[in-house]
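An overview of the molecular structure
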Amino acid sequence: MPLGTTARWIALPALVALLALPGAAFAGPLDIQHESTAISEIGGGDGIIQHGDAIAVTETVRDSDPGGALTGVSGALSTTTPNVTVTQGASALPSFDFGQTAANTSPFNVQVGASVPCGQNLAFALGIGADQGSASVPFTIGTGVADAPATRASVDVPREIPDAGSTSGGSSIVSQMTVDAPGLVKDISVHIGKLTHTYDGDLRITLIAPDGTRVLLVNQRGGLGDNFVNTTITSNQGAPIAGASPPFTGTYRAEGDLTQLVGHEQQGTWGLEVRDLGPSNTGTLEAWGTDIATATCAAQPIASFTATPNPAAPGDTVQFDASGTHDPVGNIVKYEWDLDGNGTFETDTGSTPAASHVYATRGAYPVSLRVTDDNAPALQNTYQRTVSVSQPPTADLTFSPLAPNTGQTVSLDASGSTDGDGTIARYEWDVDGDGTFDRDTGTTAQTTTKFATPGDHVVRVRVTDDDGATAVKSITITAANRPPIVHIAQPGLGVTGRPLTLDASGSVDPDGTITNWSWDLDNDGIYETDGGISPTQQHTFTASGTTTVGLQVTDSNGAVATTTVTFDVTDPPNALLSATPAIARPGQLVSFSAAGSNDPDGAVLTYRWDLDGDGSFETDTGAVDATSRSYSVTGSYPVQVEVTDGDGVTATATKTVAVVNELPIASLVVSGGEGVAGSPVTLDASGSFDPDGTIARYEWDLDGNGSYEIDTGAVPAATRTYPNPGTIPVKLRVTDNDGAVAVATLGVVVKPATSTGGTGGTGATGNTGGTGATGNTGGTGATGGGADGGTPPDGPFTAGLGGASIQAMKLARGKGLTLTCTSDRAMQCKVSATIDGKTAKKLHLARTPKAATVGSAVVNVSTGQNARFVLKLTAKARKALKRAKSVRVLLKGTAVDAQGNAVVLARVVLLRR
């Protein structure tokens, strides 16, 4: 497990020690993490943990387990580091809750062996047991302290960074640096002196230690920004690089954990890997190195200082600051300085960690600091840094042209720069005015740039002489705004009365954005329509002819440009459509004509047809304005014609064709009016008829078993002999020439051969539903009669319900349904009108699909009369029918004579507009 991580398992030595504690019995794993470690040398010491030391350890942990307070907590310390012994490893911990910390109440004791090298990390695990569970918390203790850091630079530069292209995983280079001196790392930072790249977001930068350990420094940060310049990456200093912007200059925290290198051997070959993970950009790693402070266990102070300015000009006062010096074993009491580099510490500032010096002449001065602490005997340490003194150069900068436009190449020239005591060795440029010199042309004194936006732009050059001294020159260049380029796409042919879209999205502004679009739609020179920020405008033109539209655009800098577009506007054709007949039977040919169609500004018309109502114009008749079609299936067909004029402009017209088939009417009686057992009984269906065709087939169920076993084809009669008296439920099924079906039922009364009683049949139930019908069903009554063994006073009778099968919707809503009731004797006819459940719900006559009664009537019929009457509809029904184009109404009734004999009546009427 990596150093510094936490875990919820118990390492074996910690587990063994934990289980050895009295009463150790724990539940499940707990989430407990390392918080901090306090260490002291037993019996005193020099303050540096190293080989031979006996130390006391107090480990503080944090409860990250939300399960509640931990009680009965105990700890057991163990180590896996060779030559390190835990001499006292058991201690209790107080109870503590989620989010709280706790430490062992008595110190753990550890003996560091004499062979443990200085700088090695000592690995420990604190096993924790509680009433609620257990955990193991790993932590480390470092040995030694950080010596003065040694700065090293790689000579394996420059290295070109190849473009990733389409390479899976990107392309990379590894620049190497060799460290000859042995020692264990105590602190490390990485310096990237210069890395040029045109898309920092492509780069992943990793440090590779001699033992192969890899630490991620930068992971694709900076997006499309450029370069790393004087960049320092540390373990815990500086800002996170994830939130910074390129060019990256200054100190940042590594994205990986540099502290995992603490305790590793520094001697060997280090590597800096730069991997390009994106296409189309390349760069160069020009300079990098490390500052590595190795571990020391020597009882001595550690000297360090900074020099400002460095380099300095002759006559400048250089300030030296040694406040970074530290002493782990005492206090610094003396700071001595060799300020002129002659090897003699001639300046003593006592306990003050600061000095200053003026260097009158050019040169490189190796300044040294010697510090002495208050130990007995006193301990000393020395640190050296070179100060460069040089007469600074003079920077000069000119540009051309003097009045450039945006996007125009501007030449920058710093060749007028001079150095009084040397030569100019480097030219660096800040061409975007952000204060960062992110372009380096080496010894070349010229470069170029362009300005994308208008206005004042500050450009700087920084020149560096061969002594490292610098000078900066700034100039302001004003770039002129370029007007936008305006363009309207040719809209094609416009049509009067129809919206036309004008599109100017092809307009661009070379140095900004277009902020407003204004249109002159009537070509009067006035831009009366403000389109705002949208480059498109929709307009409906009312007059035909050649039309010109103007556009004025304004860019973000106030510049204006205009243009026009000219196009033709035409009148659309007029489409008309008729259908003959508009109401047709299945299979009947319907003729369609668009003869009334015309074009106001032309004469050539072509026709396409959607004859099946599917929205697709599948029939093309060219210049012929008529066609025909038959429909085998009943229904409603919205037929369309599309008329196209000579300009290619279309118009459509629609006509709905209703294909209906009225159901046949089945009628059934017994010939001769009676049936006698043992004698042939003839059943007569000649009263059956089809309102819109012919009866094509008669089928019979003569034994009442539900199966139509007799098929007499087109013959409307059948004969059957019944050997025994009784009432037989005979059924007749008729099929018309369009395939629609109706059924009639008759109870045939068969009398004994010697019976003197009356004969007859029970009334038929009339017609029941049929197939294939969106049209109307007619209906009749049937024959009624007396029961077996007696003769009614007037004998059997017949009754029927008539009237037109298709009636006008408007007339029915205003006056009612016109019907007739007929009979061969005096009787009373009661009739009610209903609408099926699905239609009733659609017309809001019912909340659920339930049949609704919409009217009723009672009429008295004299003997042999045809009584005409009107069935009025309810007010609610009349209102609902305003929303309907056609509705089927089912009429059901009963005819009752004076003796109480009854005949069932039924009929269907189609109401339509």
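Every chain is numbered on its own, with residues counted from 1 as its sequence reads. In view of the model being predicted, local features appear only for residues whose pLDDT reaches at least 70, and side-chain atom pairs are presented and counted only at 80 or more, with totals across whole chains, interfaces and linings using the full set of residues. In computing side-chain properties, one takes all heavy atoms of the structure into account and sets aside hydrogens as well as water.

As for the overall build of the chain
Here a strand is any run of E in DSSP of at least two residues, a helix any run of H or I of at least four, and the numbering for each starts at the N terminus. Along the backbone of the chain there are four helices and 68 strands. When we talk radius of gyration, it's over C-alpha atoms, and the globule rule is simply 2.2 Å times the number of residues to the 0.38. Scaling as 2.2 N^0.38, a compact globule of 913 residues should have a C-alpha radius of gyration of about 29 Å, whereas the chain reaches 54 Å, well beyond that. Each of the three principal axes of the chain carries a C-alpha extent, and together these read 160 × 95 × 45 Å. Whether two residues are in contact is decided by their heavy atoms: any pair within 4.5 Å suffices. A separation of at least 24 residues holds for 64% of the contacts in the chain among residues at least 6 apart in sequence. Each accessible area is a Shrake-Rupley result for a 1.4 Å probe, and residues are judged covered by the shown protein chains and nothing else. Here the chain displays about 40,400 Å² of accessible surface, and carbon together with sulfur accounts for 50% of that area. A positive count includes Lys and Arg, and a negative count includes Asp and Glu. His and the chain ends are not counted in either. Charge placement uses NZ in Lys and CZ in Arg. For Asp and Glu, CG and CD serve respectively. The distance from the centre of the 55 positive side-chain charges to the centre of the 90 negative ones in the chain is 23 Å.

Here's the deal with the pairing of strand β2 (residues 54–63)
Note on strand geometry: in a regular strand, side chains alternate between the two faces of the sheet. Throughout, exposure labels follow a simple rule: accessible area from a 1.4 Å probe, protein chains only, divided by the maximum for the residue type, with under 20% read as buried, over 50% as exposed, and the rest as partly exposed. The element β2 is largely enclosed, with a buried count of seven among its 10 residues. In this sheet, β2 lies alongside strand β1 (residues 32–41) in antiparallel orientation, the contact comprising nine bridges. For isoleucine 32, the partnering residue across the bridge sits in β2 and is aspartate 63. Whether two strands pair depends on DSSP finding at least two bridges between them. Across four bridges, β2 lies against strand β7 (residues 108–112) in antiparallel orientation. Paired with alanine 54 across the bridge in β7 is glutamine 111. Sheet topology places β2 next to strand β6 (residues 101–103); three bridges connect them, and they run antiparallel. Its bridge partner lying in β6, threonine 60 is registered against alanine 103.

Comments concerning the environment of aspartate 63
By the secondary structure assignment, aspartate 63 is in strand β2. Considered as a pair, aspartate 63 and leucine 881 are 818 residues apart in the sequence and their alpha carbons are 78 Å apart.

What to know about the packing of aromatic side chains
Here a Phe, Tyr or Trp ring, Trp counted by its six-membered ring, pairs with any other such ring whose centre lies within 6.5 Å, and the pair is stacked when the planes are under 30 degrees apart, edge-to-face when over 60, and tilted otherwise. Counted by the stated rule, this structure contains 10 aromatic pairs. Taking the centre distance of 5.5 Å and the plane angle of 80° together, the rings of phenylalanine 305 and tyrosine 383 count as edge-to-face. Taken as a pair, phenylalanine 305 in the loop between β21 (283–296) and β22 (306–308) and tyrosine 383 in strand β28 (residues 380–389) lie far apart in primary sequence, 78 residues in all. One exposure class covers both phenylalanine 305 and tyrosine 383, and it is buried. Each ring, one from phenylalanine 541 and one from phenylalanine 567, has its centre 5.7 Å from the other, and the planes form 75°; the classification is edge-to-face. Remark: phenylalanine 567 occurs in strand β42 (residues 560–570) and phenylalanine 541 occurs in the loop between β40 (536–540) and β41 (545–555); sequence separation between them is 26 residues. The residues phenylalanine 541 and phenylalanine 567 share a single accessibility class, namely buried. Taken together, Phe305, Phe320, Trp337 and Tyr383 form an aromatic cluster joined through their ring pairs. When the NZ atom of lysine or the CZ atom of arginine is within 6 Å of a ring's centre and also within 35 degrees of its normal, the charge is said to sit over that ring. Over the aromatic face of tyrosine 708 sits the side chain of arginine 733, whose NZ or CZ is 4.1 Å from the ring centroid.

A few points about the pattern of salt bridges
By definition, a salt bridge exists where a carboxyl oxygen of Asp or Glu is found within 4 Å of a side-chain nitrogen of Lys or Arg. Counted by the stated rule, this structure contains 16 salt bridges. We note a salt bridge from arginine 370 to glutamate 336, for which the minimum N-O separation is 3.1 Å. Here glutamate 336 lies in strand β24 (residues 332–338) and arginine 370 lies in strand β27 (residues 363–373), a separation of 34 residues in the sequence. Under the relative-accessibility criterion, arginine 370 is labelled partly exposed at 24%. A salt bridge links arginine 426 to aspartate 440, with the nearest nitrogen and oxygen atoms 2.6 Å apart. One end of the pair, arginine 426, is in strand β31 (residues 424–430); the other, aspartate 440, is in strand β32 (residues 439–442), with 14 residues separating them in the sequence. The exposure class of aspartate 440 is partly exposed, given its relative accessible area of 26%.

Considerations on the nonpolar core
Working definition of a nonpolar core: buried Ala, Val, Leu, Ile, Met, Phe, Trp, Tyr and Cys residues. They are joined through side-chain atoms within 4.5 Å. Formed by 37 residues in total, the largest nonpolar core has its most connected members in Leu871 and Leu891. Excluding its chain neighbours within four sequence positions, the residues that come into contact with leucine 891 are Leu801, Leu817, Leu819, Val831, Ser832, Ala833, Leu871, Leu905, Ala906, Arg907 and Val909. Counting 30 residues, the second largest nonpolar core, distinct from the first, contains Met177, Val215, Phe248 and Tyr252.

Notes on the sheet that holds strand β5 (residues 90–92)
The antiparallel open sheet is built from four strands, whose spatial order is β5-β3-β8-β9. Of all the strands in the sheet, the pair left with one neighbour each is β5 and β9 (133–142). Between one strand axis and the next, the sheet turns by 25° as a mean value, whatever way the strands run. Here strand β3 (residues 74–79) runs beside strand β8 (residues 121–130); their pairing, made up of six bridges, is antiparallel. Note on β8: the bridge partner recorded for threonine 79 is phenylalanine 124. Between the N-to-C directions of two axes lies an angle of 0 to 180 degrees, each axis being a line fitted to C-alpha atoms and, for a helix, fitted only over the stretch in contact.

A word on unusual backbone geometry
The step from proline 246 to proline 247 runs through a cis peptide bond, and the omega angle for that step is 0°. Looking at the secondary structure, you find proline 247 in the loop between β18 (239–240) and β19 (248–253). The residue after threonine 580, namely proline 581, is reached through a cis peptide bond having omega -5°. In this structure, proline 581 sits in the loop between β43 (578–580) and β44 (583–584). One non-glycine residue, glutamine 220, lies in the positive phi region at around 55°. Following the sequence through the fold, glutamine 220 ends up in the loop between β16 (214–219) and β17 (228–234). Glutamine 220 sits in the partly exposed class, given a relative accessible area of 35%.

Remarks on the pairing of strand β49 (residues 635–644)
Bridge count for strand β46 (residues 606–610) against β49 is five bridges, and the pairing is antiparallel. Bridged to aspartate 610 within β49 is glutamine 640. Judged from the 10 bridges that link them, β49 and strand β50 (residues 650–659) form a sheet pairing that is antiparallel. When the bridges of β50 are listed, glutamine 640 appears paired with threonine 654. The hairpin turn running from β49 into β50, its antiparallel successor, is five residues long, and glycine 648 in that turn takes a positive phi close to 85°.

What about the state of the cysteines?
Note that a disulfide, as used here, is simply two cysteine sulfur atoms within 2.5 Å. Counted under the stated rule, the structure contains two disulfides. There is a disulfide in this structure between cysteine 118 and cysteine 297, and the S-S distance comes to 2.1 Å. As the torsion about the S-S bond is roughly 100°, the cysteine 118-cysteine 297 disulfide counts as right-handed. Of the two residues, cysteine 118 is situated in the loop between β7 and β8 and cysteine 297 in the loop between β21 and β22; the sequence distance between them amounts to 179 residues. A relative accessible area of 21% places cysteine 118 in the partly exposed class. Bridging cysteine 821 to cysteine 829, the disulfide has an S-S length of 2.3 Å. Across the S-S bond of cysteine 821 and cysteine 829 the torsion is about 90°, and the bridge reads as right-handed.

A word on the confidence of the model for the chain
Per-residue pLDDT for the chain has a mean of 86; in total, 91% of the residues score no lower than 70. Under a pLDDT of 50 for its full length, residues 1–26 has, in the predicted model, 52 contacts with residues more than four places off or in other chains. Across residues 755–795 the pLDDT falls below 50, and counting only partners more than four positions away or on other chains, this stretch makes 135 contacts in the model. pLDDT expresses how confident the predictor is about each individual residue, on a scale running from 0 to 100.

Concerning the side chain of serine 597
One can find serine 597 in the loop between β45 (589–593) and β46. Side-chain polar atoms of serine 597 contact the backbone oxygen of alanine 594, separated by 3.0 Å. Not counting residues within four places of it along the chain, the set of residues in contact with serine 597 comprises Asn574, Ala575, Leu576, Leu605, Tyr607 and Val643. Each polar contact in these results corresponds to two N or O atoms within 3.5 Å; when the atoms are within protein, one needs to be able to donate a hydrogen and the other to accept it, and residues that are neighboring in sequence are counted only if both atoms are side-chain atoms.

Examining the sheet that holds strand β25 (residues 347–348)
In space, the four strands of this open sheet follow the order β25-β24-β27-β28, with antiparallel pairing throughout. Pairing within the sheet leaves two strands with one partner each, and these edge strands are β25 and β28. For β24 and β27, the ladder comprises six bridges, and the chain directions are antiparallel. Note that in β27 the partner of tyrosine 335 across the bridge is valine 371.

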